[in-house]
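Read off the chains here:
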Amino acid sequence: MKDKGLRGALADKGLRHDAIGLWDNAIIGIASTSPAYSIACTIGYVVIAVGLQAPAAAIVAFVPMLFTAFAYRELNRAVPDSGTAFTWGAKAFGPVVGWLGGWGVAMSGTLALANVAEVAAQYGLRLIGQDELAGNRVALTVIGAASIAVMTWVSTRSLEFGAKMQRWLTAIQIGALILFSVVALWRVYAGDALDTSVRPSWEWFNPFAFDSVSSFTQAFLLMLFIYWGWDSCLAVNEETTDRHHTPGRAALLCSVILLGVYTLTTVALLAYGGAGDGPTGLGNEDIADDVFAALSDSVLGPLAIIVVIAVLISAVSSTQTTILPTARGLLAMAAYRALPQRFAKVNPKYGTPSFSTTVMGIVAICYYVGLSLISQNVLYDSVASLALAVAFYYSIVAFSCVWFFRRDLRRSARDLWFKGIFPLLGGIIMLAAFVRSAIDMWDPEYGETSLLGVGGVFVIGIGSLAVGVVLMMLCWLREPAYFRGRTLTADTEVLVPEEGTPTGL
């Protein structure tokens, strides 16, 4: 029997419906991955791990992402709820798994915001010629915190406003990456590149040419970070036209676009700079944290400023699109009584989760400033632990799809593959990535810090999950209805206004 007044709480969440279409939805997913910055700070380390096989790593890492995207698409068709990992996990495996899935989304968002805030501050200062301040911890922290605050405010405005802004920001950064790649490859084939340049070969795409399992695993985990974020387009499903189909299509669309952009840019960077450890080689650890800074002047000359702008825009736009899914996830958790009801508050004018968005921004600022004051190395290790959170909640979604649709798998070949086999494979790979990451991060030499003989990255990553368990227990005491299965089960209607919405199995 449901608690008295429960049905009153379980009503439409109040989000603005039909606010965006397919392309705006896909753009939110693309922007959330922060393409320009993700490539700049990651590809160098991928090349260090696997050399000329970096393009193959980009393609192989895309496969489990695609399988997971199928899981998101199928679950969204049946349950188009902004809670995504939280809602689907709860419907498939119960309240505990659902709550932890929601926490995984929130944790990854917080960790990522600390990262992009730092990048936005650094590149903003470089853009105006203040390179000295770009290395000043106080200046970076103040500007980084301010960028989170500004984008939090933007996120409380209407989704249409944010989507319009993202159109231009995403177009600029993707355009800059394509321009850089085309010019770099043209120079390579014209013989006007660096002495270390090498023409692309089909062997670069051979998935069986990796030197070792260890090097491949390292590259895969790095690429997991690059692709992460496309699922943001599913978190705004209730605000998208034809929410049963459009968000899933947008997820697949932005995944394919990212594959093309990442592969093209990886090939261009590798061809122009080479895989060696020379001053401009991608195998040089000294330039691995920003390969564009080492190569953009040589490739584009006076137009290199475009790349700086692209990376800055990448960080700024990602700040907003990282806040969006987290805030809507918290809203859904509150709507189903898994969090205090204040998190379910929606701005009546803009139709956005105002309280959840504001809380998300404040927590992210406090987390970023706190780690910045403690140690820059701790901040870097915090970012490195992001792979754990991502693999954690992606695997929950993938396995939830298989279990939720278990009775459908014999109906047709399509159901078997897209609701069963592909998501299952994606979940297994994501779970394996989580376990492997945790094992590697245990090493005190992993990352920049260590604590009691254990890697600081492991402590932050696993510690953050442990904090989620503690918070879940506190919410259990305050909001027992959800944890007793009274507000969200496989048969619970999704909290949207239309009648006849598919519910569960």
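For the structure, check the block above.
Keep in mind the model is a prediction, meaning the values are calculated, not measured.

A. Summary view of the pattern of salt bridges. Under the definition given, this model contains 14 salt bridges. With a shortest N-O distance of 3.4 Å, Asp290 and Arg126 are connected by a salt bridge. In this pair, Asp290 sits in the loop between α11 (246-273) and α12 (291-300) while Arg126 sits in helix α6 (residues 95-127), placing the two residues 164 residues apart along the sequence. One salt bridge in this structure joins Arg328 and Glu239, with 2.7 Å as the shortest N-O distance. Of this pair, Arg328 sits in helix α13 (residues 305-335) while Glu239 is found in the loop between α10 (232-235) and α11, placing the two residues 89 residues apart along the sequence. Accessibility assignment for this pair places Arg328 and Glu239 in one class, buried.

B. The environment of Leu179, seen in detail. Relative to the helices and strands, Leu179 is located in helix α8 (residues 159-190). We classify Leu179 as partly exposed; its relative accessible area is 32%. Between the C-alpha atoms of Leu179 and Leu312, which are 133 residues apart in sequence, the distance is 16 Å. Excluding anything up to four places from it in sequence, Leu179 contacts Leu300 and Ile306.

C. Representation of the side chain of Thr33 in the model. Looking at the secondary structure, you find Thr33 in the loop between α2 (22-32) and α3 (35-50). The class of Thr33 is buried, set by a relative accessible area of 2%. In this structure the side chain of Thr33 is engaged in a polar contact, spanning 2.6 Å, whose partner is the backbone oxygen of Ile30. Once you skip the residues sitting within four places of it in the chain, Thr33 turns out to touch Ser38, Ile226, Tyr227, Trp228, Gly229, Trp230, Leu258 and Tyr262.

D. Quick peek at the nonpolar core. With 143 residues, the main nonpolar core has Trp99, Tyr227 and Trp230 as its most contacted residues. Ranked by the residues each element gives to this core, the list is headed by α6, at 16 residues. Not counting residues within four places of it along the chain, the set of residues in contact with Tyr227 comprises Thr33, Ala58, Ala61, Phe62, Met65, Leu258, Leu259 and Tyr262. If you look at the next biggest cluster of nonpolar residues, it comprises seven residues, including Ile20, Leu159, Val236 and Leu324.

E. Quick look at the layout of surface pockets. Here the largest pocket is characterised by a volume of approximately 1,400 Å³. If you trace the largest pocket, you find 39 residues lining it, with Cys41, Tyr45, Leu222, Tyr380 and Ala384 closest to the centre. Among the secondary structure elements, those contributing two or more residues to the lining of the largest pocket are α3, α6, α9 (213-227), α15 (376-384), α16 (386-404) and α17 (413-442). Broken down by element, the residue count for the lining of the largest pocket peaks at seven residues, all from α6. Residues that form the lining of the largest pocket fall into these classes: 20 nonpolar, eight polar and eleven charged.

F. Spotlight on the state of the cysteines. Applying the stated criterion across every chain, the model contains zero disulfides. Cysteine Cys366 shares no disulfide, and the gap to the nearest cysteine sulfur, in Cys475, comes to 19 Å.

G. Spotlight on helix α14 (residues 354-374). Spanning 21 residues, α14 covers 30 Å between terminal C-alpha atoms, matching the ideal 30 Å at 1.5 Å per step. Ser354, Phe355, Ser356, Thr357, Met360, Gly361, Ala364, Tyr368, Leu371 and Ser372 are the residues of α14 that are buried. Packing partners of the buried residues in α14 comprise α6, α7 (137-156), α13 and α15.

H. Local environment of α6. The end-to-end C-alpha distance of α6 is 47 Å, a good match for the 48 Å that 33 residues give at a rise of 1.5 Å each. Most of α6 sits out of view: 29 of its 33 residues are buried. Gly129 sits one or two residues past α6 and shows a positive phi near 80 degrees.

Thresholds applied
Sequence order as written defines the numbering, with residues in each chain counted from 1. Totals for whole chains, interfaces and linings use every residue, but because this is a predicted model, local features are given only for residues with pLDDT of at least 70 and side-chain atom pairs only at 80 or more, for both listing and counting. Just so you know, side-chain values use all the structure's heavy atoms and leave hydrogens and water out. When a carboxyl oxygen of Asp or Glu is within 4 Å of a side-chain nitrogen of Lys or Arg, the pair counts as a salt bridge. The helix and strand labels rest on DSSP assignments: H or I over at least four residues marks a helix, E over at least two residues marks a strand, and numbering proceeds from the N terminus. Only protein chains enter the area calculation, which uses a 1.4 Å probe; residues under 20% of their type maximum are buried, those over 50% are exposed, and those in between are partly exposed. The contact criterion used is simple: two residues touch if any of their non-hydrogen atoms lie within 4.5 Å. Pairs of N or O atoms within 3.5 Å make up the polar contacts considered here, provided that, within protein, one atom can donate a hydrogen while the other can accept it, and that residues adjacent in sequence are counted only when both atoms are side-chain atoms. Only buried Ala, Val, Leu, Ile, Met, Phe, Trp, Tyr and Cys residues count toward a nonpolar core, and they belong to the same one when joined by side-chain atoms within 4.5 Å. In this analysis a 1.4 Å probe is tested at points of a 1 Å grid over the protein atoms alone, and where it fits but cannot get out there is a cavity; an open set with protein on both sides within 12 Å along at least five of seven lines is a pocket; lining residues have an atom within 4 Å of a point. Grid points are joined across faces, edges and corners, and a volume is the space filled by probe spheres set on the points. As a working rule, the residues Ala, Val, Leu, Ile, Met, Phe, Trp, Tyr, Cys and Pro are called nonpolar, Asp, Glu, Lys and Arg charged, and the rest polar, with Gly in that last group. To count as a disulfide, a pair of cysteine sulfur atoms needs to be within 2.5 Å. A helix is expected to span 1.5 Å for every residue after the first.

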